[in-house]
Structures are given as structure tokens and as C-alpha cells.
Amino acid sequence: IVNKFKSPSVQISFTEYFKEIHDRLLKTKKYGNAEAYQSALNSLVRFAGKENILFSEIDYKFLVKWREFHVGNGNSVNGHNVYLKPIRAVFNRAISEEIISANNYPFKTYKLSSKPTKKRALAKEDMQKIVDLDLIEDSDLWHTRNLFLFSFFTIGMSWVDLAYLKLSNVKGGRIDYARKKTGKDYSIQINEKIDSILKYYSKGKKQSEFIFPILFEQDDLKRIRERKNSLRKHNDRLIKIASLAGITDDITSYVARHSWASIANFS
């Protein structure tokens, strides 16, 4: 009886509370986190088959079945973890704000497990095949190759950093920028290959403008969606480029980073 009166009384469903946290993220302009939270909720709702989900419904058995559902649809365990992390964070916050009791925490027993991802890197010969491809200038594949090679030449600059790179980041023969993911500062010397790509995309642009044709929206939240959509198209086109170059391995934007590290270490 004492425990019953001590335990918080749940007045709000998990879905309602989740949306409240999502709105807080939007208000504080944490658009990247807000987008990740929304994706997690969308996946959860698809599995549950209903919009309104109670805290009490999300227990160990529920999470196991959700993972099986996710993997059964051809997705990876690591991809499922991306959805689970916001769910776990919302549970932690709900306990801290005394929305629910710690007894309702399903992650005491359900642990996130991950599988190591294979680091895919192209050999130096394969990179040269991509460079040597005869592509129509100003075509989608031509631009895709330029961006892939620019990422490679700049020590594997990530897609998000390519998207937000401005002319103001280019000064004194170097590219100075802070990586979006980690906040770590980078300063990359501009060589001839980097310079030729920069000159093409920098023509007629102001210092405050993005260099590459990736982001066009003005709204920050729309830009996040735009960036993700453009990355999907970029990776689809890289598959076509690999096929044209006679490369059997799948290529994504991440391969540029891994390839640079591999070739730098072993060449």
C-alpha cells in the first residue's frame, strides 16, 4: 500500500509524453535530435499498429518483438538501436520528472546489442577507375563523382559537413571547419584536386553561401530532411558509378572516408 502511494501516478501516455519531448527539442532548435525522435516514434507506431501507446505496454517482451519485427523486415540490429535510444531517453526523462516509476523501466533487463559494422574501403586501383570514368559534364552522376572525390581528397569529409560547407570556410589555402557530429576542428590543405572542384562550385557565390548544391531550403528542419533525401540519391548514384567502373563492391558516401584512411595507411 505504501509503495502504491509513493509511486508516481501515470496521467499521460508514452506517446503523448514522447511528443511533448519532441516539441521541446523543436522549441530549442535541436532539429537533428527532433528528427531522430520522430523517426523512432514512427517506427514504434508502425510496429504497435496504433497511435497511442502506454508506458506499461513497453516492456521487455514488447521490445524483443519490436526488434524481431524490425530485423524480419530486412533491417539491421544496429539500425534498430537508432530507434531504441530515443525511446530509452524518454523513459529516463519520464522517471526523472516523476511521470512514471523506475519499476516501469524496461531497459533494466532489455539491453541494446550491436554488431560491428564492416569498414568498407576501395583499393587505390578502384578509386582510379572512378576518376577515369567518362561521365557527361553537369549530369547527376558527374556531380555525384565530384562530391565523392572531394570527400575522399579532404580526408573523408562527411556528407553533413559537405552540405554545410561555405565559401567562408575556405581561406589561406586551407579548408577550416568544425565537424557537425563531434564539433572537432579540422584544417585541410587545399591541393590541386581539391582546388579544381572548389573553383567549379564556388563560381559567383558569396562567402555566406553553401558551396555544394545539396541544401536549398531556408528552414532548418526542412534542411535536415532535404540533406537525408539528397544522401539517399547520392548513394543510389554511387551504386551506378560503381557498376560503370566495373567495381563489384557497394559504394556509399562513407566509403570515401574509409578508403582515404586505408590508402593513406597502405600506399
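Residues numbered from 1 in each chain as written. Predicted model: local features only at pLDDT ≥ 70, side-chain atom pairs only at ≥ 80, totals over all residues. Heavy atoms only, no water.

## Concerning the sheet that holds strand E1 (residues 170-171)
Across the sheet, which stays open at both edges, the 3 strands sit in the order E1-E2-E3 with antiparallel pairing between neighbours. Every interior strand has two partners, whereas the edge strands, E1 and strand E3 (185-189), have only one. Of the pairings in the sheet, the one linking strand E2 (residues 174-178) to E3 comprises 5 bridges and is antiparallel in character. Each bridged residue has a counterpart across the sheet, and for Ile-175 the counterpart in E3 is Ile-188. (Pairing = 2+ DSSP bridges. Helix = DSSP H or I, 4+ residues; strand = E, 2+ residues; numbered from the N terminus.)

## Focus on the environment of Asp-220
Following the sequence through the fold, Asp-220 ends up in helix H10 (residues 220-244). Residues Asp-220 and Gly-32, spaced 188 residues apart in sequence, show a C-alpha to C-alpha distance of 9.2 Å.

## Looking at the packing of aromatic side chains
Within this structure, the stated rule accounts for 20 aromatic pairs. Taking 5.3 Å as the distance between ring centres and 85° as the angle between the ring planes, the aromatic pair formed by Phe-14 and Phe-55 counts as edge-to-face. Here Phe-14 is found in helix H2 (residues 14-27), whereas its partner Phe-55 is found in the loop between helix H3 (31-48) and helix H4 (60-72), with 41 residues between them in sequence. A relative accessible area of 0% means that Phe-14 is categorised as buried. Of the residues examined, Phe-55 reaches a relative accessible area of 4% and is grouped as buried. With 5.0 Å between their ring centres and 75° between their planes, Trp-142 and Tyr-200 make a pair best called edge-to-face. (Phe/Tyr/Trp six-rings, centres within 6.5 Å; stacked < 30°, edge-to-face > 60°. Buried < 20%, exposed > 50% of the residue type's maximum accessible area, 1.4 Å probe, protein only.)

## Thoughts on the environment of Asp-138
Secondary-structure assignment places Asp-138 in the loop between helix H6 (124-132) and helix H7 (140-153). Spatially, the C-alpha atoms of Asp-138 and Ile-155 are 24 Å apart, while their sequence positions differ by 17 residues. In this structure, Asp-138 is in contact with His-143 and Tyr-200, ignoring residues within four places of it in sequence. Within the structure, Asp-138 has its side chain in polar contact with the side chain of Tyr-200 (distance 3.5 Å). (Contact = heavy atoms within 4.5 Å. Polar contact = N/O pair within 3.5 Å; in protein donor to acceptor, adjacent residues only side chain to side chain.)

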